[in-house]
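Commentary on secondary and tertiary structure
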Amino acid sequence: AGIINFCANNYLGLSSHPEVIRAAVEALEKFGAGLSSVRFICGTQSIHKDLEEKIARFHQREDAILYASCFDANAGIFEALLTPEDAVLSDELNHASIIDGIRLCKANKYRYKHMDMQDLEAKLKEAQKHRLRLVATDGAFSMDGDIAPLREICQLAQKYDALVFIDECHATGFLGPNGRGTDELLGVMDKVTIINSTLGKALGGAAGGYTTGPKPLIDLLRQRSRPYLFSNSLPPAVVGCASKALDLLMESNAIAQSMAAKTQRFRSKMTAAGFTISGKDHPICPVMLGDARLASVMAEDMLNRGIYVIGFSYPVVPKGKARIRVQISAVHSDEDIDRCVEAFTEVGRKHGALP
């Protein structure tokens, strides 16, 4: 019956959508394979400006700027925005790209316990002595499938006069009623200042990232963000497929909404089988196993049964918290999901993960 991929970031199945592929081919034929330049020389074409405008409209923000990846977007924002007089407060489980971006800046650095609002408030109180305060968090955390408490974060930010930054790589396109992300899901779109996200997951799955937010910030990044200034412009085919993906999402929320039922089906059936699934209501469904070797051998046996998943262990996740991270996609059928659960149950019993 072939192998079913349950470990891709292709949440909406758009990387194989015929209209998305057709848009990429059309852009390739019209604009060529690449522009052989950075944006500010001759790397800006109409399609780049159109996509930036579309991203800003999708997120209901003033402006947006494209990068080669969201890793680059995260590497480029903190150094450009923050000075030694400022402070950045970061969740301890933020993605590596956020951590690396913060390391590059000269702001005062505070790390708060994962989604711990008491600790964040204590750090915000301590940071009041600085000129500007920026709270930085993943919207949805990629290893655990949990969602940042943005309502509480935004309340604290308002109380202590701070800005809020979220990385939406594992949320854009499918969380919230219209797939706009965790800020839409939690009703704080008007309270989050800066959003960084990717075009390489739900929005076509190819490459690319972006920052969207206030126009003065985007103008600043175009002048001072090093990954933007010194990296080649996004290839036209990538721009074409991402633009079409956004068109599909803004035309209808049906694709985004299809994720909820599929995610619930997998989570409930796996829990009923006796597995512990981390996170809540997110298509990232970490099957918690604890032992690194167990995660590895179970993933190998899953592949033998036609299910492609990967075991995660230290240093990708903390010691003692090894898991197999399953990711549900809109293109998975109910039969695919049931087949995955059956394979997990068989393999789990074989290796003692289930009674």
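Residues numbered from 1 in each chain as written. Predicted model: local features only at pLDDT ≥ 70, side-chain atom pairs only at ≥ 80, totals over all residues. Heavy atoms only, no water.

1. Points about the sheet that holds strand β6 (residues 163–167)
To be explicit about the condition: Strand pairing follows a simple DSSP-based rule, namely that at least 2 bridges must link the two strands. Numbering of helices and strands starts at the N terminus; helices are DSSP runs of H or I of at least 4 residues and strands are runs of E of at least 2. Whenever a helix is involved, its axis is fitted only over the stretch in contact; in every case the axis is a line through C-alpha atoms, and angles between N-to-C directions fall within 0 to 180 degrees.
Spatially, the seven strands line up as an open sheet ordered β2-β8-β7-β6-β5-β3-β4, and their pairing is mixed. Here the strands that pair on one side only, and so sit at the sheet edges, are β2 (63–67) and β4 (108–112). Each strand of the sheet is rotated relative to its neighbour by a mean of 20°, with strand direction disregarded. The pairing of strand β3 (residues 87–91) with strand β5 (residues 133–138) spans four bridges and is parallel. Within the sheet, the bridge partner assigned to Ser90 lies in β5 and is Ala136.

2. Topic: helix α13 (residues 292–304)
So the rule is basically this: What a helix should span is 1.5 Å times the count of its residues minus one. Residue burial is assigned from relative accessible area. The probe radius is 1.4 Å, only protein chains are included, and a residue is buried under 20% of its type maximum, exposed over 50%, and partly exposed in between. Whether two residues touch is decided by their heavy atoms; if any such pair falls within 4.5 Å, the residues are in contact. Contacts described as polar in this section are N or O atom pairs within 3.5 Å, which, within protein, must combine one atom able to donate a hydrogen with one able to accept it, while residues neighboring in sequence count only if both atoms come from side chains.
The end-to-end C-alpha distance of α13, which contains 13 residues, comes to 19 Å, matching closely the 18 Å that a straight helix rising 1.5 Å per residue would cover. Among the residues making up α13, those that are buried are Leu294, Ala295, Val297, Met298, Ala299, Asp301 and Met302. Along its buried surface, α13 packs onto β9 (284–290), β10 (307–308), β11 (310–312), β12 (322–327) and α14 (334–350). At the N-terminal end of α13, a side-chain oxygen is found 3.2 Å from the backbone nitrogen of Arg293, two or three residues along, and the residue is Asp291. Following α13 by one or two positions, Gly306 has its phi on the positive side, about 85°.

3. Quick look at the packing of helix α3 (residues 46–59) against helix α11 (residues 236–251)
Short version of the rule: Comment on the angle field: the value is read as roughly parallel under 35 degrees, roughly antiparallel over 145, roughly perpendicular from 65 to 115, and oblique elsewhere. Crossing handedness is read from the near helix: turned anticlockwise from the far helix by less than a right angle, it gives a left-handed crossing, and turned clockwise, a right-handed one. Here the term charged refers only to Asp, Glu, Lys and Arg, the term nonpolar to Ala, Val, Leu, Ile, Met, Phe, Trp, Tyr, Cys and Pro, and the term polar to all other amino acids, Gly among them.
One way to put it is that α3 packs onto α11 with a least axis distance of 10 Å and a crossing angle of 30°. The orientation of α3 with respect to α11, classified from their angle, is roughly parallel. Classified by chirality, the crossing of α11 by α3 is left-handed. Contacts between α3 and α11 involve Ile47, His48, Leu51, Lys54, Ile55, Arg57 and Phe58 from the former and Pro236, Val239, Ala242, Ser243, Leu246, Asp247, Leu249 and Met250 from the latter. Class assignment of the residues belonging to the contact of α3 with α11 gives a composition of 10 nonpolar, two polar and three charged.

4. Digging into the pairing of β5
Taken across its six residues, β5 has six buried, putting it largely inside the fold. Residues Arg133, Val135 and Thr137 point to one face of β5 and Leu134, Ala136 and Asp138 to the other, with burial holding for every one of them. Here β5 runs beside β6; their pairing, made up of five bridges, is parallel. Note that in β6 the partner of Val135 across the bridge is Val164.

5. What about the pattern of salt bridges?
Keep this limit in mind: The working definition used for a salt bridge is a side-chain nitrogen of Lys or Arg within 4 Å of a carboxyl oxygen of Asp or Glu.
Applying the stated criterion to the full structure yields 21 salt bridges. Among the ionic pairs, Arg133 bridges to Asp161, the shortest N-O distance being 3.8 Å. In this pair, Arg133 sits in strand β5 while Asp161 sits in the loop between α7 (150–159) and β6, placing the two residues 28 residues apart along the sequence. Classification of Arg133 as buried rests on a relative accessible area of 5%. A relative accessible area of 59% means that Asp161 is categorised as exposed. A salt bridge links Lys215 to Asp219; the shortest N-O distance between them is 3.2 Å. Taken together, the residues Lys215 and Asp219, both in helix α9 (residues 215–224) and four residues apart, mark about one turn of the helix. Of the residues examined, Asp219 reaches a relative accessible area of 33% and is grouped as partly exposed. Linked by salt bridges that have partners in common, Arg39, Lys49, Glu52 and Arg222 make up one network.

6. Side note on the UniProt feature "domain: Aminotransferase class I/classII large" (unreviewed entry) in the protein chain
Applicable threshold: UniProt positions are given in the numbering used here, feature names are shortened, and annotations may be inferred rather than shown by experiment.
In the numbering used here, UniProt assigns the "domain: Aminotransferase class I/classII large" (unreviewed entry) feature to residues 3–344. Strand forms 16% of residues 3–344 and helix 44%; the C-alpha atoms that close the span are 14 Å apart.

7. Topic: the sheet that holds β9
Each strand in a sheet pairs with another by means of backbone hydrogen bonds, the pair being arranged parallel or else antiparallel. Read from one edge of the open sheet, three strands run β9-β12-β11, paired in antiparallel fashion. A single partner strand is all that each edge strand has here, and the edge strands are β9 and β11. Recorded for the sheet is a direction-independent mean angle of 30° between the axes of neighbouring strands. Both β9 and β12 contribute to a ladder of six bridges, which runs antiparallel. Bridge pairing in β12 links Val287 to Ile324. α13 rests against β9, β11 and β12 of the sheet, and its axis sits at about 40° to β12.

8. Some details on the domain arrangement of the protein chain
We apply this condition: An automatic or database domain assignment supplies the start and end points of every domain. Accessible-area loss on putting two parts together, using a 1.4 Å probe and summing over both, is the definition of buried area adopted here.
Segmenting the protein chain into domains produces domain 1 (15–249) and domain 2 (252–349). Taken over C-alpha atoms, the centre of domain 1 sits 27 Å from the centre of domain 2. At the junction of the two partners, domain 1 supplies 18 residues and domain 2 supplies 19 residues. For the domain 1 and domain 2 pair, buried surface summed over both sides reaches about 1400 Å², with 55% attributable to carbon and sulfur atoms. It is Met143, Asp144 and Phe174 that lose the most area in domain 1 upon contact with domain 2, and together they represent 39% of the buried surface on that side. Applying the counting rule to domain 1 against domain 2 returns one salt bridge. Among the ionic pairs, Arg323 bridges to Asp144, the shortest N-O distance being 3.3 Å. Counting the contacts that link domain 1 with domain 2 gives 10 residue pairs in polar contact (both at pLDDT 80 or more). When its residues are assigned to classes, the side of domain 1 that touches domain 2 shows nine nonpolar, seven polar and two charged.

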